[in-house]
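These are the residues of each chain, in order.
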Amino acid sequence: GAVVSQHPSWVICKSGTSVKIECRSLDFQATTMFWYRQFPKQSLMLMATSNEGSKATYEQGVEKDKFLINHASLTLSTLTVTSAHPEDSSFYICSAIQGNGYTFGSGTRLTVV
Amino acid sequence: AQSVSQHNHHVILSEAASLELGCNYSYGGTVNLFWYVQYPGQHLQLLLKYFSGDPLVKGIKGFEAEFIKSKFSFNLRKPSVQWSDTAEYFCAVNAPNDYKLSFGAGTTVTVRA
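Residues numbered from 1 in each chain as written. Chains lettered and ligands numbered in written order. Predicted model: local features only at pLDDT ≥ 70, side-chain atom pairs only at ≥ 80, totals over all residues. Heavy atoms only, no water.

Undergrad: Describe in detail the overall build of chain B, supporting the description with residues and values.
TA: If you tally the helices and strands in chain B, you get zero helices and twelve strands. Put simply, chain B runs from its N terminus to its C terminus through helices and strands in the order β-β-β-β-β-β-β-β-β-β-β-β. Radius of gyration (C-alpha) of chain B: 13 Å, near the 13 Å computed for a compact globule of 113 residues. Across its three principal axes, chain B shows a C-alpha extent of roughly 40 × 25 × 20 Å. In chain B, buried positions account for 47% of the 113 residues. Pairs at least 24 residues apart make up 54% of the contacts formed inside chain B by residues separated by at least 6 positions. (Helix = DSSP H or I, 4+ residues; strand = E, 2+ residues; numbered from the N terminus. Rg over C-alpha atoms; globule rule 2.2 N^0.38 Å. Buried < 20%, exposed > 50% of the residue type's maximum accessible area, 1.4 Å probe, protein only. Contact = heavy atoms within 4.5 Å.)

Dropping the structure here:
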């Protein structure tokens, strides 16, 4: 079946540094990918929609200059958290549309210290 | 925009007990409905989905859900749970012409052996 590979699975970084998270569709082409953020005991909140070859569409309240999304190919979307702060610590999940469904990455646990 | 409400935050039950997780959504138009499961340390997996047709949907691992349009509900059921059903369960919805998924807050299910 369709697989989305997300890396890294966890990362710890210092405040002020940037972190890049990768999301790859392994056996299909993903024109559209989604990036979610999940706080403990809360729902997945959609951050942005990533479209291959064009700018990402951000949800209201999400800082596009802080959460940089690049979807340069049909199999790779990246999320870069720039100038990370402790409040950016969270679980980030990507997903891709495949057929009439969605395939999810395994998520990235980001801890900013 | 759609919103999704899951009534139970944490459900604890014994093996062989029956499970029912509530899900209500708020959206006036036609919707697609999903239930996802997230086992510890794994990615979200689709349990079942409803697009149209028979409102009683059967999914994987013995799960089923019933769409009741008049109640805006899509409750998940399993007649007899197993220890391996311990996981986080998410209800999600989108409009047919919108790929964005809206998730409920999730329900943690703990099955005691």
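Continuing now.
Undergrad: Can you tell me about the state of the cysteines, naming the residues and giving the values?
TA: What the rule picks out here adds up to two disulfides over all chains. Here A:Cys23 is linked by a disulfide to A:Cys94, with a sulfur-sulfur distance of 2.0 Å. Measuring handedness by torsion sign, the sulfur bridge of A:Cys23 and A:Cys94 sits at about 80° and is right-handed. With A:Cys23 in strand 3 (residues 19-25) and A:Cys94 in strand 9 (residues 90-98), this residue pair connects regions lying 71 residues apart in the sequence. Across the disulfide from B:Cys23 sits B:Cys91; the S-S distance is 1.9 Å. As the torsion about the S-S bond is roughly -65°, the B:Cys23-B:Cys91 disulfide counts as left-handed. Of this pair, B:Cys23 sits in strand 4 (residues 23-26) while B:Cys91 sits in strand 10 (residues 87-94); the two residues are 68 residues apart in sequence, bridging distant segments of the chain. (Disulfide = S-S within 2.5 Å.)

Undergrad: I'd like to hear about the interface of chain B and chain A, residue by residue, with values.
TA: At the interface, 18 residues of chain B touch 18 residues of chain A. For the pair chain B and chain A, the summed buried area comes to about 1500 Å², and 60% of that belongs to carbon and sulfur atoms. The tally of links from chain B across to chain A stands at one salt bridge. Of the charged contacts in the structure, one is a salt bridge between A:Glu59 and B:Lys100, with a shortest N-O distance of 2.9 Å. At the junction of chain B with chain A, the criterion picks out five residue pairs in polar contact (both at pLDDT 80 or more). Top contributing element to the side of chain B that touches chain A by residue count: strand 5 (residues 32-38) of chain B, with three residues. Looking at side-chain class alone, the side of chain B that touches chain A contains nine nonpolar, six polar and three charged residues. (Buried area = accessible area lost by both parts, 1.4 Å probe. Salt bridge = Lys/Arg side-chain N within 4 Å of Asp/Glu carboxyl O. Polar contact = N/O pair within 3.5 Å; in protein donor to acceptor, adjacent residues only side chain to side chain. Nonpolar A, V, L, I, M, F, W, Y, C, P; charged D, E, K, R; others polar.)

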